[in-house]
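Architecture and fold: a report
Here is how the chains run, residue by residue.
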Amino acid sequence: MTSNGVAGNATNRLTTATGGTSAAFTIAAGDSAKTIANTINTIASDIGIVATATNAATLSGLANAGNISFTLTGSNALGSAIAASITNTSDLTSLAAAINAASSSTGISASFSNPLVRSNLLLTSNDGSNIKVSTFLNSGGGSLTFGEGPVEIAGGTLATTALVSGGNDASIKTGIVKLNSTKGLITVSGGDTTSFAS
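So, here is what we can say about the structure in this document. Predicted, not measured: the structure shown is a model, and the values here were computed from it.

**Details of the sheet that holds strand 12 (residues 160-164)**
Ordered in space as 8-9-5-11-12, the 5 strands form an open sheet in which the pairing is antiparallel. Every other strand in the sheet has two partners, leaving strand 8 (108-111) and strand 12 as the edge strands with one partner each. Averaged over all pairs of adjacent strands, the angle between their axes in this sheet comes to 25°, without regard to strand direction. The pairing of strand 5 (residues 56-60) with strand 11 (residues 143-148) spans 4 bridges and is antiparallel. Within strand 11, the position partnered with Ala 57 by the bridge is Glu 148. Lying over the sheet, helix 2 (residues 93-101) contacts strand 5, strand 8 and strand 9 (121-125), oriented at roughly 160° with respect to strand 8.

This is the structure in structure tokens:
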């Protein structure tokens, strides 16, 4: 499974041109974009910074029709059971409906980025939480491709993970944090300059 790309605890400070410097804050491996944004908003709002977390992922490339099930975790720590019967690998409408039925718990909604292509689902987090799929099973066997969402929402490189029924059945996609300032240019100092660009 993947994390947020932070190798370990990293201590950072944010500075705005006319607002000053924030207190130090730490980003830990595995922190979600939501967690990071909440931390920044707590310690840097008084220097004019607002952090916004976003995240999205994709589901596509279902190898075989069958009864699909997995656990979907977003803003809910324990996850929600998702189940759908797929008779045509080119039509994931029933899977989208199952995901949306659980959206009040997960904070994740499913849609078709192209309504004419129903084999590709876009999953969007409403608060930037990690999107995790685990315990993937398909009665028809085979795999389902779980990918990073659009770069402007999820960052990353559009990397994908093949979820295999009864095999490698879990993966996490993390999002990005966007910083805006009402007090001029933002600069970052500390141990994690690869995670934030000033």
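**A few points about the nonpolar core**
Of all hydrophobic cores here, the largest spans 26 residues; its most connected members are Leu 59, Phe 70, Leu 72, Leu 95, Ile 99 and Leu 121. Breaking this core down by element, the ones donating at least two residues are strand 5, strand 6 (66-73), strand 7 (80-86), helix 2, strand 8, strand 9, strand 10 (131-138) and strand 11. Of all the elements, helix 2 adds the most residues to this core, at 4 residues. Core analysis: the next-biggest nonpolar cluster, separate from the first, contains 15 residues, Ile 27, Ile 36, Ile 40 and Ala 44 among them.

**A short note on the pattern of salt bridges**
Scanning all chains against the criterion turns up 1 salt bridge. Asp 127 is the partner of Lys 34 in a salt bridge, and the nearest nitrogen-oxygen pair spans 3.1 Å. Taken together, the positions of Lys 34 in helix 1 (residues 33-44) and Asp 127 in the loop between strand 9 and strand 10 put the pair 93 residues apart, joining distant regions of the chain. Take Lys 34: its relative accessible area is 27%, and that puts it in the partly exposed class. Note on Asp 127: relative accessible area 21%, which makes it partly exposed.

**Brief notes about the pairing of strand 4 (residues 49-54)**
Of the two faces of strand 4, only one is covered, namely that formed by Ile 49, Ala 51 and Ala 53; the face formed by Val 50, Thr 52 and Thr 54 stays uncovered. As judged from the 6 bridges shared by strand 4 and strand 14 (residues 176-181), these two strands associate in the antiparallel manner. Note on strand 14: the bridge partner recorded for Thr 52 is Lys 178.

**A look at helix 2**
Buried within helix 2 we find Leu 95, Ala 96, Ala 98 and Ile 99. Down the axis of helix 2, the buried side of the element spans an arc of 160°, and every buried residue falls inside it. The inward-facing, buried residues of helix 2 abut strand 5, strand 6, strand 7, helix 3 (103-106), strand 8 and strand 9.

**Some points on the side chain of Ser 60**
Relative to the helices and strands, Ser 60 is located in strand 5. A relative accessible area of 16% means that Ser 60 is categorised as buried. With sequence-adjacent residues up to four places away left out, Ser 60 is seen in contact with Ser 119, Asn 120, Leu 144 and Thr 145.

**Structural notes on the sheet that holds strand 10**
The strand order across the open sheet formed by 4 strands is 7-6-10-13, and the pairing between neighbours is antiparallel. Each edge of the open sheet carries a strand with a single partner, namely strand 7 and strand 13 (171-173). Recorded for the sheet is a direction-independent mean angle of 25° between the axes of neighbouring strands. By the bridge criterion, 5 bridges tie strand 6 to strand 10 in an arrangement that is antiparallel. Looking at the pairing, Ile 68 lines up with Asn 138 of strand 10.

Procedures and definitions
Residues numbered from 1 in each chain as written. Predicted model: local features only at pLDDT ≥ 70, side-chain atom pairs only at ≥ 80, totals over all residues. Heavy atoms only, no water. Pairing = 2+ DSSP bridges. Helix = DSSP H or I, 4+ residues; strand = E, 2+ residues; numbered from the N terminus. Axes fitted to C-alpha atoms, helices over the stretch in contact; angles between N-to-C directions. Contact = heavy atoms within 4.5 Å. Core = buried A, V, L, I, M, F, W, Y, C linked by side-chain atoms within 4.5 Å. Buried < 20%, exposed > 50% of the residue type's maximum accessible area, 1.4 Å probe, protein only. Salt bridge = Lys/Arg side-chain N within 4 Å of Asp/Glu carboxyl O. Arc of directions from axis to C-beta.

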